[in-house]
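# Structural description and commentary
Each chain, written out:
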Amino acid sequence: LKSARRELQQRSQAQMALRELRNKLQPIQQQLSLEGGDLPLESLESQLKDLTQLCAQKRMHSGPLVVKELAEIERKIKEFQEKLKALQDSKRQSGERSILQAIEKEGAERLQAFNDTFGKARDAEAPFLMCAEEDLPLEKSLTTVKDCESKITCASTAGSIARIYLMIKGTEVKKFVPELCTQGTRKIAEFQARMDEMASKLNDLKVKTAERKKST
């Protein structure tokens, strides 16, 4: 008789424990079954974590029947956690892809700004290229050198801004998911290679301008 009462009590405990856990699990299941929309992923993650801890507590203070029934609930929780992680990964990747597109767009714009100002600096030396430099009137030489220096300064500033931007964003993309990290790192490397090429040409122009200034 005592054995039968004990078994009945354990069954009652099992039913109460399972009812409590299922009541907590049901709204999570309903939300995860929804397609699209902005799911509260962080909240769901916290709820599943709390349920995992609750199951562990039930195991410690329950009899064999409860422990056996808990296994099914724990399996369900694990299944939901895996689905939640897949949703979190998808959301993260989508967000990072949008960020990467913005980085590539702004990177190209900053590089174009550098290219445009470099082009103006290069155009500024045109008077020196249209005739022998010694034949250029002194006043024209001084004016041209001054114009070149001004344009070179603008180009150097644009180049520095672009280089700093690429450096910061290069660090940022390294934290992206592997696929986007590789894509972003490769694109920034391409930008930097073009930057280095223009910076080298700008430096050559800067040296020439300094020599022309010295000789006038």
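For every chain, the first residue of its written sequence is number 1, and the numbers climb from 1 along that sequence. Thresholds applied to this predicted model are a pLDDT of at least 70 for local features of residues and 80 or more for the giving and counting of side-chain atom pairs; totals over whole chains, interfaces and linings are not thresholded and use all residues. Side-chain numbers come from the whole structure's heavy atoms, not from hydrogens or water.

On to the overall build of the chain, then. Helix and strand counts for the chain stand at 6 helices and 0 strands. Where helices and strands are cited, they refer to DSSP runs of H or I of at least four residues and of E of at least two residues respectively, numbered from the N terminus. Element order for the chain, N to C, with α for helix and β for strand: α-α-α-α-α-α. The globule rule used for comparison is 2.2 Å times the number of residues to the exponent 0.38, while the radius of gyration itself is calculated over C-alpha atoms. The C-alpha radius of gyration of the chain comes to 34 Å, more than 25% above the 17 Å expected for a compact globule of 216 residues. With the C-alpha coordinates aligned to their principal axes, the bounding extent of the chain is approximately 120 × 30 × 20 Å. Scored against the burial criterion, the 216 residues of the chain give a buried share of 29%. The cut-offs for exposure are 20% and 50% of the maximum accessible area for each residue type, with area from a 1.4 Å probe on protein chains only; residues under the lower value are buried, those over the upper are exposed, and the others partly exposed.

The next subject is the packing of helix 5 (residues 138-173) against helix 6 (residues 178-215). Working convention: axes come from line fits to C-alpha atoms, limited for helices to the stretch in contact. Angles between N-to-C directions cover 0 to 180 degrees. Two elements in contact, helix 5 and helix 6, have axes whose closest approach is 9 Å; the angle formed by their N-to-C orientations is 160°. The pairing of helix 5 with helix 6 is recorded here as roughly antiparallel in orientation. The hand of the helix 5/helix 6 crossing is left-handed. Ten residues, namely Ala, Val, Leu, Ile, Met, Phe, Trp, Tyr, Cys and Pro, are considered nonpolar, four, namely Asp, Glu, Lys and Arg, are considered charged, and the remaining ones, Gly among them, are considered polar. Here the residues of the contact of helix 5 with helix 6 sort into 14 nonpolar, 7 polar and 7 charged. By definition in this entry, angles of less than 35 degrees are roughly parallel, angles greater than 145 are roughly antiparallel, angles of 65 to 115 are roughly perpendicular, and the rest are oblique. Left-handed is the label given to a crossing in which the near helix is rotated counterclockwise from the far helix by less than a right angle, and right-handed is the label when the rotation is clockwise.

Turning our attention to the pattern of salt bridges. Any carboxyl oxygen of Asp or Glu within 4 Å of a side-chain nitrogen of Lys or Arg constitutes a salt bridge here. Applying the stated criterion to the full structure yields 14 salt bridges. Of the charged contacts, one joins R75 and E72 as a salt bridge, the two residues approaching to 2.8 Å between their closest N and O atoms. Of the two residues, R75 and E72 are both situated in helix 3 (residues 64-124); the distance of 3 residues between them amounts to about one turn of the helix. In this structure, R110 and E106 form a salt bridge, with 2.6 Å as the shortest nitrogen-oxygen distance. With a gap of 4 residues between them, R110 and E106 both fall in helix 3, about one helical turn apart.

Patch members must show over 30% relative accessible area and no salt bridge, and they are joined within 9 Å when carrying like charges or within 5 Å when they are nonpolar side chains of Val, Leu, Ile, Met, Phe, Trp or Tyr. Here the open area of atoms and residues is found with the Shrake-Rupley method and a 1.4 Å probe, where only the protein chains shown may cover a residue. Residues I164, M167 and I168 make up a contiguous nonpolar surface patch of roughly 310 Å² in combined accessible area. The topology assignment puts I164 in helix 5.

The next point concerns the side chain of T209. Within the element layout of this structure, T209 appears in helix 6. T209 gets classed as buried once you look at its relative accessible area, which sits at 2%. We define a polar contact as two N or O atoms separated by no more than 3.5 Å, with the added condition that, inside protein, one atom must be a possible hydrogen donor and the other a possible acceptor, whereas residues neighbouring each other in sequence contribute only through side-chain atom pairs. Among the polar contacts listed, one links the side chain of T209 to the backbone oxygen of L205, at a separation of 2.8 Å. The contact definition used throughout considers only heavy atoms, calling two residues in contact when any of these lie within 4.5 Å. Filtering out sequence-adjacent residues up to four positions away, T209 remains in contact with V145, C148, E149 and I152.

Next up on the list: the nonpolar core. Throughout, nonpolar core names a set of buried Ala, Val, Leu, Ile, Met, Phe, Trp, Tyr and Cys residues whose side chains join them through atoms within 4.5 Å. Residues F114, L166, V173, F176, M195 and L202 are the most contacted members of the largest nonpolar core, which totals 23 residues. Elements represented by at least two residues in this core include exactly helix 3, helix 5 and helix 6. Discounting chain neighbours no more than four positions away, the residues touching M195 are L111, F114, G159, A162, R163 and L166. Within the second largest apolar cluster, 19 residues are counted, among which are L21, L48, L54 and L84.

A few words on helix 6. Between the first and last C-alpha of helix 6 there are 55 Å, a value that for 38 residues agrees with the 56 Å anticipated at 1.5 Å per step. Turning to helix 6, its buried residues are L180, C181, G184, I188, F191, M195, M198, L202, L205, T209 and R212. Helix span, expected: 1.5 Å multiplied by one less than the number of residues in the helix.

Checked against the element boundaries, E125 lands in the loop between helix 3 and helix 4 (126-129). A polar contact of 2.8 Å, which involves the side chain of E125, links it to the side chain of R212.

These figures capture arrangement, not role.
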